[in-house]
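Coordinates in review
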Amino acid sequence: LDVTVANDDGTQVKSALVPPGDQRNVQVRVTARPIDAASGTPFEPFAGKDVTLELTDRTAGELGVGGSITPEVTVTTNDNGIATTTFRSAVTRSQNTNVTASTRNGDGELFETDSVRGQNLNNDSDQAEINIAGTLTGDIRDGDGELIRNRPVNVLLAKNGNEIENTTIDQGQYNFENLETGDQY
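Below or above, wherever it landed, is the structure these notes cover. (Residues numbered from 1 in each chain as written. Predicted model: local features only at pLDDT ≥ 70, side-chain atom pairs only at ≥ 80, totals over all residues. Heavy atoms only, no water.)

1. Quick notes on the overall build of the protein
We apply this condition: Comment: elements are numbered from the N terminus, with helices defined as DSSP H or I runs of at least four residues and strands as E runs of at least two. The buried label goes to any residue with under 20% of its type's maximum accessible area, the exposed label to any with over 50%, and the partly exposed label to all in between, with areas taken from a 1.4 Å probe on protein chains only. The contact criterion used is simple: two residues touch if any of their non-hydrogen atoms lie within 4.5 Å. All accessible-area figures derive from a Shrake-Rupley calculation using a 1.4 Å probe, and residue coverage is judged against the displayed protein chains alone.
If you tally the helices and strands in the protein, you get zero helices and 18 strands. Here the protein holds 185 residues, and 35% of them are scored as buried. A sequence separation of at least 24 residues applies to 58% of the contacts in the protein between residues at least 6 apart. In the form shown here, the protein has an accessible surface area of approximately 10,700 Å², with 43% of it arising from carbon and sulfur atoms.

This is the structure in structure tokens:
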């Protein structure tokens, strides 16, 4: 099981920053080989396999398309062993979640990416991380409480010292969008 999520240009990656209210494609790839296969036998795409995708933080968003938008969805792989659904951010604040996958083999044994209930496939390729982007807004005021217009405002990322620059608008407000969550600014 290999779960990925689309980044802002549509490329499938392991971790993506998703703006609040936005949506992205989530993809799972399933490969298999017979249990009695010789060592070194390659894994092949597994077509027609049902896979359950689930958000580890159910308040962060929803999976699915159309009328079946839920924190958990079952999808079926195509001829290439790939199934796709949509993640939609359901929050307006910064939040992170992972998308995990589970399926059963021909003997009914559970294989999943993030649990002790079945064959734990917990490695770098088993789940995708979704970070809901944060927004920082505010006003710049002088000592008398008057708005200060058209002034530069910088946000400093504490872990590496990188600065993000913005300029106050005519009303003296600043707005930094798509800030990565989980960091100190």
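Moving on from the model shown.
2. Observations regarding the sheet that holds strand 2 (residues 12–13)
Applied cut-off: Following DSSP output, two strands are said to pair if at least two bridges run between them.
With antiparallel pairing, five strands are arranged side by side in an open sheet as 2-1-4-10-8. Single-partner strands in this sheet number two, and they are strand 2 and strand 8 (61–63). Here seven bridges tie strand 4 (residues 23–29) to strand 10 (residues 82–89), and the two strands are oriented antiparallel to one another. Bridging from a neighbouring strand, glutamine 23 pairs with arginine 88 of strand 10.

3. Digging into the nonpolar core
In a soluble, globular protein the nonpolar side chains are often hidden away together inside. Spelled out, the test is: Definition used in this section: a nonpolar core is a set of buried Ala, Val, Leu, Ile, Met, Phe, Trp, Tyr and Cys residues joined via side-chain atoms within 4.5 Å.
One finds Val26, Val28, Val51, Leu53 and Leu63 to be the most contacted residues of the largest nonpolar core, which totals 18 residues. Elements with a contribution of two residues or more to this core: strand 1 (2–6), strand 3 (15–18), strand 4, strand 7 (50–55), strand 9 (72–76), strand 10 and strand 11 (95–104). With three residues, strand 7 is the single largest residue contributor to this core. Excluding residues that lie within four positions of it along the chain, valine 28 makes contacts with Leu1, Asp2, Val3, Val51, Leu53, Val75, Gly81, Ile82, Ala83 and Ala101. In terms of nonpolar packing, the next biggest core, distinct from the first, is built from five residues, Val153, Tyr174, Phe176 and Leu179 among them.

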